[in-house]
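Take a look at the letters that make up each chain.
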Amino acid sequence: MVKNDASPKLRFTFKKEERLSSKKIIDELFMKGSSFYLYPFKVQYLPEVYNAVNPVQILVAVPSKSFPHAVDRNRIKRLIRETYRLNKNDLYDAFKHQQKKLLIALIYTAKKIEPFDLVNEKMISILNRLSKDNAAAKENIK
């Protein structure tokens, strides 16, 4: 059997480098970034112009005011990271060959734990919107 090298290999991983953890960068994201709301998420994002190892970095936040038990917060964060991991490839393709990096903060705003199907559907919508915003910004530059 011959491997087809023309088709890109999809990577369904979520490594440490893809997580946004720098306090300085997080502060910059919330100060300068744009945002939109798509239930059950508030999405804060900031396209940066510098070269980085990973083209996209994300931060997942679940407020303790809505979910006082750490077990529930951790379950929701795990659910969000899993849906992101499964659907990130299109967004990566949009940013991979540019000198751009996208910083994303996903803030869970629902008052209950939503099912996987709903979170997955909304994650796909969010990533598609971010890809389209990037394409529109690229067209405005030209």
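Residues numbered from 1 in each chain as written. Predicted model: local features only at pLDDT ≥ 70, side-chain atom pairs only at ≥ 80, totals over all residues. Heavy atoms only, no water.

K.L.:
Sorry, what's going on with the sheet that holds strand 4 (residues 101-108) here?
P.N.:
Taking strand neighbours across the sheet as the criterion, the four strands line up as 1-2-4-3 in an open arrangement whose pairing is mixed. The open sheet has two edge strands with one neighbour each: strand 1 (34-38) and strand 3 (56-61). The mean angle between the axes of side-by-side strands here comes to 20°, regardless of whether they run parallel or antiparallel. Relative to strand 4, strand 3 is paired through six bridges, and the arrangement is parallel. Across the sheet, I58 pairs through a bridge with I104, a residue of strand 4. Helix 2 (residues 70-87) contacts strand 2 (41-48), strand 3 and strand 4 of the sheet and is inclined by roughly 155° relative to strand 3. (Pairing = 2+ DSSP bridges. Helix = DSSP H or I, 4+ residues; strand = E, 2+ residues; numbered from the N terminus. Axes fitted to C-alpha atoms, helices over the stretch in contact; angles between N-to-C directions. Contact = heavy atoms within 4.5 Å.)

K.L.:
How should I be thinking about the pattern of salt bridges in this particular structure?
P.N.:
All chains considered together, the criterion is met by four salt bridges. Among the ionic pairs, E82 bridges to R85, the shortest N-O distance being 2.7 Å. Of this pair, E82 and R85 are both found in helix 2, three residues apart, which corresponds to roughly one turn of the helix. The exposure class of E82 is partly exposed, given its relative accessible area of 29%. A relative accessible area of 21% places R85 in the partly exposed class. (Salt bridge = Lys/Arg side-chain N within 4 Å of Asp/Glu carboxyl O. Buried < 20%, exposed > 50% of the residue type's maximum accessible area, 1.4 Å probe, protein only.)

K.L.:
Just to check I follow, could you spell out unusual backbone geometry for this structure?
P.N.:
Glycine aside, negative phi is the norm for most residues, and most peptide bonds take the trans geometry. Of note, the bond from Y39 into P40 is cis; its omega dihedral lies within 30 degrees of zero at 5°. The topology assignment puts P40 in the loop between strand 1 and strand 2.

K.L.:
What exactly am I supposed to notice about the pairing of strand 2 here?
P.N.:
On any regular strand, side chains alternate: one points to one face of the sheet, the next to the other face. Taking burial as the measure, the eight residues of strand 2 include six buried ones, the bulk of the element. Direction of pairing for strand 1 relative to strand 2: antiparallel, over a ladder of five bridges. By the bridge assignment, L38 is partnered in strand 2 with F41. What sits between strand 1 and strand 2 in their antiparallel hairpin is a turn of two residues. Strand direction decides the pairing type here: strand 2 and strand 4, joined by eight bridges, are antiparallel. Of the residues in strand 4, the one forming a bridge with V43 is L106.

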